[in-house]
Amino acid sequence: MARILITGSSDGLGLMAGRLLARNGHGVTLHARDGARADATRRALPEAQGMVVGDVVTLAGMHAVAEQANETGRFDAVIHNVGIGYREPRRIATEDGLSHVFAVNVLAPYLLTALIERPGRLVYVSSGMHPGGRPDMDDLQWEMRRWSGAQAYAESKFLDVLLAFGIARRWPDVLSNALEPGWVPTRMGGPGAPDDLAAAPVTQAWLATSDDPLARSTGRYFYHEALREPHPDTRDEATQEALLNACARLSGVTLAR
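Starting afresh in each chain, residues are numbered from 1 along the sequence in its written order. Selection of residues for local features in this predicted model requires a pLDDT of at least 70, selection of side-chain atom pairs for listing and counting requires 80 or more, and totals for whole chains, interfaces and linings are taken over all residues. Working from all heavy atoms in the structure, the side-chain values ignore hydrogens and water.

*Asks:* Please explain the sheet that holds strand E3 (residues 50-53) as it appears in this structure.
*Replies:* Ordered in space as E3-E2-E1-E4-E5-E6-E7-E8, the 8 strands form an open sheet in which the pairing is mixed. Single-partner strands in this sheet number two, and they are E3 and strand E8 (226-227). Strand pairing is defined by DSSP finding a minimum of two bridges between the two strands. What counts as a helix is a DSSP run of H or I of at least four residues, what counts as a strand is a run of E of at least two, and both are numbered from the N terminus. Here strand E1 (residues 3-6) pairs with strand E2 (residues 27-32) via 3 bridges, running parallel. By the bridge assignment, Ile4 is partnered in E2 with Val28. In this analysis, two residues are considered to be in contact whenever any of their non-hydrogen atoms come within 4.5 Å of each other. Comment: axis = line fitted to C-alpha atoms, over the contacting stretch for helices; angle = value between 0 and 180 degrees taken between N-to-C directions. Most of the contacts of helix H5 (residues 149-170) go to strand E5 (residues 121-125), to which it runs at about 165°, and overall it touches E5, strand E6 (175-179) and strand E7 (221-223).

*Asks:* Could you clarify how one ought to interpret unusual backbone geometry in this entry?
*Replies:* Across the chain, the bulk of peptide bonds are trans and the bulk of non-glycine residues have phi less than zero. The backbone of His224 sits at a positive phi, close to 50°, despite the residue not being glycine. Considering the arrangement of structural elements, one finds His224 in the loop between E7 and E8. Its identity is not glycine, yet Glu225 carries a phi of approximately 60°, on the positive side. Along the chain, Glu225 turns up in the loop between E7 and E8.

*Asks:* Could you clarify how one ought to interpret the packing of aromatic side chains in this entry?
*Replies:* How two aromatic rings sit relative to each other is given by the distance of their centres and the angle of their planes. Under the pairing criterion, centres of Phe, Tyr and Trp rings, with the six-membered ring standing for Trp, must be within 6.5 Å; the plane angle then separates stacked pairs below 30 degrees from edge-to-face pairs above 60, leaving the rest tilted. Scanning the entire structure with this criterion turns up 3 aromatic pairs. A ring pair is formed by Trp142 and Trp147, whose centres lie 5.3 Å apart and whose planes are at 70°; its orientation type is edge-to-face. The exposure classification of Trp142 matches that of Trp147, with both residues buried. Plain terms: the ring middles of Trp206 and Phe222 are 5.4 Å apart, the flat faces sit at 80° to each other, and that makes the pair edge-to-face. Taken together, the positions of Trp206 in helix H6 (residues 202-209) and Phe222 in strand E7 put the pair 16 residues apart, joining distant regions of the chain. This pair shows no difference in class: Trp206 is buried, exactly as Phe222 is. Geometrically, a charge over a ring is one whose NZ (Lys) or CZ (Arg) sits within 6 Å of the ring centre while staying within 35 degrees of the ring normal. Between the NZ or CZ atom of Arg235 and the centre of the ring of Phe165, over which it lies, the distance is 4.0 Å. We call a residue buried when its accessible area falls under 20% of the maximum for its residue type, exposed when it is over 50%, and partly exposed in between, using a 1.4 Å probe and counting protein chains only.

*Asks:* I tried to follow empty space enclosed by the protein on my own but got confused; where do I start?
*Replies:* Once rolled over the atoms, a probe with the size of a water molecule shows which space is left empty. Both site types are read off a 1 Å grid over the protein atoms alone. A 1.4 Å probe that fits but cannot get out defines a cavity, while an open set with protein on both sides within 12 Å along at least five of seven lines defines a pocket; lining residues have an atom within 4 Å of a point. Grid points are joined across faces, edges and corners, and a volume is the space filled by probe spheres set on the points. Scanning all chains against the criterion turns up 1 cavity of 30 Å³ or more. Approximately 60 Å³ is the volume found for the largest cavity. At the level of secondary structure, the elements contributing two or more residues to the lining of the largest cavity comprise helix H4 (100-115) and H5. With 4 residues, the top contributor of residues to the lining of the largest cavity is H5. Residues belonging to the lining of the largest cavity are distributed by class as follows: 7 nonpolar, 2 polar and 1 charged. Residues are grouped as follows: nonpolar covers Ala, Val, Leu, Ile, Met, Phe, Trp, Tyr, Cys and Pro; charged covers Asp, Glu, Lys and Arg; every other residue, Gly included, is treated as polar.

Structure (structure tokens):
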């Protein structure tokens with residue numbers, strides 16, 4: 001039985017992945033933004049082994065989640081599922097002065113990766129929109145550009161792939177991969193999304209636990225348990241390092257080598 005932490009798992013794909021893993025006998029720890037959501041999540045998945053609570057929109061919340069996770073012991077895998085969508089009509093600044101989309105979708109996975117005791121596997125949930133999101137590395141916070149919610153989201157998902165690959169390179173003893181679950185009819189995806197909802201959480205669970213040789217590879221990008229080629233710029237080591245350095249500067253925490 002593997003111990004697995006899933007961020008952003010009070011509903012949607014995170015909760016679905018939790019159900020799948022718990023059904024297969026794994027010890028699942030879920031994450032909710034606040035106490036009310038945590039209570040509802042416990043009712044939705046009483047088989048869950050644990051719960052961590054904290055709003056990762058802030059640096060303080062990210063630290064709180066990492067501290068709670070570490071108090072429970074080392075995880076075999078962490079699925080970085082937490083994220084917000086593409087519908088923000090304007091740039092929203094967090095209390096730390098960061099772009100809301102960047103803080104939740106990129107900096108939270110980075111900081112939790114840096115702070116949580118190193119697991120055997122890391123899984124980062126990206127999106128099929130990521131190829132259109134080649135970011136401006138000089139303006140990751142959207143302080144100079146005209147805001148586009150869809151572009152900011154696509155960029156954040158490009159950066160999640162970049163993060164997964166950068167960590168795979170820095171931490172060769174950890175299996176670090178990214179995936180796209182498909183455009184599915186969750187609250188984020190919307191009711192008109194055309195892909196198969198039942199298939200959407202399967203790859204996360206597979207990458208976190210399977211002994212399939214492909215699932216035990218690292219620095220790869222997946223869709224429905226199969227390899228898919230990501231945007232080629234996500235392979236650029238200099239761009240990976242630029243992101244890791246930017247996240248270290250913004251969070252005040254450097255990723256160990």
